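Letter by letter, the chains look like this.
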Amino acid sequence: MPLHQRGFVLKTALLLVAIAIIAAIGAGAFLLMHHDDGGNGKAEDDGGDVDPVLPASGKYLVAFFSRDGEQYDVGVVDKGNTAIVAEMISEYIGADVFEIKPKDDRYPRTYTELTEVAKAERENGARPEYAGTVPDLSAYDRIFIGSPVWWGDWPMIMYTFFEDNDLSGKKVTIFSTHAGSGLSTFHENLKKIHPGCDVADGIAVRGSDAQKSPEAVKAQVREWLDDVVPRGYQAPVFNFEKGTVKLNSGYDMPILGIGTYALSNEQAENSVYWALRDGFRLIDTARIYGNETGVGKGIQRAIDEGIVTRGEIFVTTKMWTADYGNGESAIQGSLNRLGLDYVDLMILHHSQPRNDVSAYKAMEKAVSEGKIRSIGLSNYYETYDFDRLARSAGIMPAVLQNETHPYHQSGEMKEHIAKYGTVLESWFPLGGRGNTQTLFGDPTISGIAESHGKSPAQTIIRWHLQAGNVCIPGSSNESHIAEDYEVWDFSLTDEEMSRMRALERDERFADY
Ligand SMILES: NC(=O)c1ccc[n+]([C@@H]2O[C@H](COP(=O)([O-])OP(=O)(O)OC[C@H]3O[C@@H](n4cnc5c(N)ncnc54)[C@H](OP(=O)(O)O)[C@@H]3O)[C@@H](O)[C@H]2O)c1
Ligand SMILES: Cc1cc2nc3c(=O)[nH]c(=O)nc-3n(C[C@H](O)[C@H](O)[C@H](O)COP(=O)(O)O)c2cc1C
C-alpha cells in the first residue's frame, strides 16, 4: 500500500477508535439511565401482544443513502450496509423506499479514495445532488431516514436531501450504520434544519454486523420495529343512530343495503330505485350479475327525482375472477356501466391465489386515482387465505363479504378480520333465493319475530346488524324492500341474540 494511503488509513482508524470510545461511553450512560428509571419493561408491555400476522397499520417511507464498494472492516460489497438495514425495515413493515442516490458517479469504490472525496465534500460544505423524485411526504405516517456516519456526521448528500424536503410537522425516525459512532449527531442536525420535525431516534447498526451477521441484525431490527410501528387496527363498531360503520379506510358505510344478485337490468333498476326511496343508502352489485347498467339507471332515477345525491349513497360492485388479469379495464368497465366516476367499494369476487393479488393491486391503484374509495374481498373462507391477501396489501381490505346467516354465522372469521379493522358483510343474509323458507320457518326465528310483531325476514336482518354484520338482503319485490328497511324500531334482547347464536350449524346454502 502506498505510504500516503497507509497514513490516511491510520488516521481514519484512529478517528474511528476515538469515536468508538465516545460512543461506548455514551452507550454506557444510556444503559445507566434506563437502569435508573426502574426498568419497568415498557417495551415488553407495549410489544408483548403484537400479532405477528398483522401487517403494519400505517403508511411508511424509508429514505436512505448508502454506498457499495470497499467497506471499512468488511471488504468489497455489492450492497451497502445502510441499504441492507433499509431493506430489512421496508420488508417488515411494507414501507415504500426512496434511495438518496448521487446524480453522478462521485463516490469511488476504493475506501481510501472515498474517504478523500468525503473529506473534501465536508471541508467545502458541498451539496451533492441526488437523482430521482422524492415521493409526496405528506402521504406517510412516518418516514424512516437512514445514513452511514461519515466523519462523525451525515454525508453531505444528506444535507442536500434535508434542505430540499420540508420535514416540519412530520414524524421522522432516524437510523444509521456506523463503525462505532451510533446515531452520532443526526438528531441535533435534523432539529437544526427542521426545528418543527418530530424526530425519534431509531436503530444504529454496526455496519460490519449488517454484512457479517444479517440474521442477527434482522432480528434486532424487527424487535425494534415492533415497538415503533403500530399493528393493531380498530375493530369496526356499528353506529345505530346513523346506521353506518366507520371502515378502516376512513369512510362511513351504511350497515343495511339492497342486494341485486339474480336480478335483470330492469328488475335491478326498479329495486335500486325503490330501495333508495325507502331509505336504503347501500347498493350491492357485481359485474357478473350483468345488471350494473340497471343499477346505474336506478341510482340516476333517484338522483333525478331529488331523493338522494351521489355523495349520500354507497355503491359496491365486484371484480369477477376472469378479469383479475385485467384489473384496470375491469374497473373502468364497471364504472362505465354504472355511469359513475367512482364506486364507494370494489370487491374481489372470489379468492383466486393465482392472480388475486395483482387484481387487488389494480384496485389499490384505482384508489389513488379516485376511482374506488374502499377495497373489499369476497369468498375468502380460510383465515390463512385472508392473511395471504392482507399481507401483500398496501391498503387493508375494508370489507369481507361472505355467505353469512343464522345457520352459518362466520363468527371465527369475523373475529379474525376485526384485527385488521375489516368488517363482515353477509351475502345470502336470508338464506338466498329458494332457501328463505328454511330460515323463516325456523321456530326460534319465527318465535322471536312473533314476539316483536315483526316478520322473520326483519328479525333476521335485525340479528345481522346487532351481530355486527353489514346486511344486504336481495329483492325484486317492492313491498319486501320496504319491509326489509323497517328494522330500526325494535331490537333483539341479549337472550334472543344468544338463542340466535345457538342456531349456528356451520351449514352453507351455496356450494361455492
Ligand atoms: N359475493 C358473493 O359471492 C355473493 C353471492 C350471493 C349474493 N351476494 C349479494 O348478497 C345479496 C343478498 O343475497 P341474495 O339476494 O342472493 O339472498 P338473500 O338476500 O338471502 O335472499 C333473497 C331472497 O329473499 C327474498 N326476500 C327478500 N326480502 C324478503 C321479505 N321481506 N320477505 C320474504 N322474502 C324476502 C327474495 O325474494 P323477493 O325478490 O321476492 O323479495 C329472495 O328470494 C345479493 O343480492 C348480492 O348482492 C353476493
Ligand atoms: C468517509 C467515511 C467516514 C466514516 N466515518 C465514520 C465515523 O465517523 N464514525 C463511524 O462510526 N463510522 C464511520 N465510517 C464507517 C461507516 O459509517 C460505516 O462503515 C457505514 O456502515 C457505511 O455505510 P454504507 O455501507 O451504507 O455506506 C466512515 C466511513 C467512511 C467511508
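What you see is a predicted model, and the numbers here were worked out from it, not measured in a lab.

The rules we used
Residues numbered from 1 in each chain as written. Chains lettered and ligands numbered in written order. Predicted model: local features only at pLDDT ≥ 70, side-chain atom pairs only at ≥ 80, totals over all residues. Near = placed C-beta within 6 Å. Helix = DSSP H or I, 4+ residues; strand = E, 2+ residues; numbered from the N terminus. Nonpolar A, V, L, I, M, F, W, Y, C, P; charged D, E, K, R; others polar. Axes fitted to C-alpha atoms, helices over the stretch in contact; angles between N-to-C directions. Left-handed = near helix turned anticlockwise from the far one by under 90°. Contact = placed C-beta atoms within 7 Å. Core = buried A, V, L, I, M, F, W, Y, C linked by C-beta atoms within 7 Å. Buried ≥ 20, exposed ≤ 12 C-beta atoms within 10 Å, placed from the backbone. Pairing = 2+ DSSP bridges. pLDDT = per-residue confidence, 0-100.

Colleague: Any chance you could explain the site of ligand 1 here in plain terms?
Modeller: The full set close to ligand 1 counts 27 residues, and G259, Y261, W427, G474 and S475 are the nearest of them. Considering every element that reaches the shell around ligand 1, the biggest residue donor is helix α18 (residues 478-485), with three residues.

Colleague: Sorry, what's going on with the site of ligand 2 here?
Modeller: Around ligand 2 sit 24 residues, and of these S66, G80, T82, P148 and G207 come closest. Classifying every residue of the shell around ligand 2 gives 11 nonpolar, 12 polar and one charged.

Colleague: Quick question: what am I supposed to make of the packing of helix α9 (residues 265-278) against α18 here?
Modeller: Each pair of packed helices can be summarised by the angle the axes make with each other and by the distance between the axes. Packing of α9 against α18 leaves a shortest axis separation of 9 Å and a crossing angle of 35°. Every pair of crossing elements has a handedness; the one defined by α9 and α18 is right-handed. Contacts between α9 and α18 involve S271, W274, A275 and D278 from the first element and E478, I481, A482 and Y485 from the second. In terms of residue class, the contact of α9 with α18 is made up of five nonpolar, one polar and two charged.

Colleague: In this structure, what is going on with the nonpolar core? I would like to understand it.
Modeller: Side chains of nonpolar character tend, in soluble globular proteins, to be buried together. With 73 residues, the main nonpolar core has L256, V272, V315, I331, V343, M346 and M363 as its most contacted residues. When neighbours within four sequence positions are excluded, V315 is seen to be in contact with I283, I299, L338, L340, V343 and D344. The next biggest cluster of nonpolar side chains, apart from the first, holds 42 residues, and it includes F144, M156, M158 and V205.

Colleague: Just to check I follow, could you spell out unusual backbone geometry for this structure?
Modeller: For residues besides glycine, phi is generally negative; the peptide bonds are generally trans as well. The backbone of N379 shows a phi angle near 60°, a positive value even though the residue is not glycine. Structurally, N379 can be placed in the loop between β15 (372-378) and α13 (383-391).

Colleague: I would appreciate a short explanation of the sheet that holds strand β5 (residues 142-148) in the present structure.
Modeller: Each strand in a sheet pairs with its neighbour through backbone hydrogen bonds, running either in the same direction (parallel) or in the opposite one (antiparallel). Strands sit in the order β4-β1-β5-β6-β7 across an open sheet of five strands; the sheet is parallel. A strand with exactly one partner marks an edge of an open sheet, and here the two such strands are β4 (96-99) and β7 (198-206). Across this sheet, the average inter-strand angle for adjacent strands is 20°, counted without regard to direction. Judged from the four bridges that link them, strand β1 (residues 60-64) and β4 form a sheet pairing that is parallel.

Colleague: Whenever I open this one, the confidence of the model for the protein chain confuses me. Can you help?
Modeller: Detail in the predicted coordinates should be disregarded across regions flagged by low pLDDT. The pLDDT averaged across the protein chain works out to 91; a share of 90% of its residues lies at or above 70. Ignoring residues within four places in sequence, the model shows residues 1-50, a span with pLDDT below 50, making 24 contacts including any to other chains.

Colleague: What is the right way to look at the sheet that holds β15 in this model?
Modeller: Ordered in space as β11-β12-β13-β14-β15-β16-β17-β18, the eight strands form an open sheet in which the pairing is parallel. With one partner strand each, in any of the chains shown, β11 (257-259) and β18 (469-471) form the two edges of the open sheet. Between one strand axis and the next, the sheet turns through 30° on average, direction left out of account.

Colleague: What is the right way to read the environment of I84 from this model?
Modeller: Here I84 shows up in helix α3 (residues 81-93). By C-beta crowding, I84 is classed as buried, having 21 other C-beta atoms within 10 Å. Sequence separation of I84 and K218 is 134 residues, and the distance between their C-alpha atoms is 9.3 Å. The contact partners of I84, leaving out residues within four places of it in the chain, are K79, A210 and P214.

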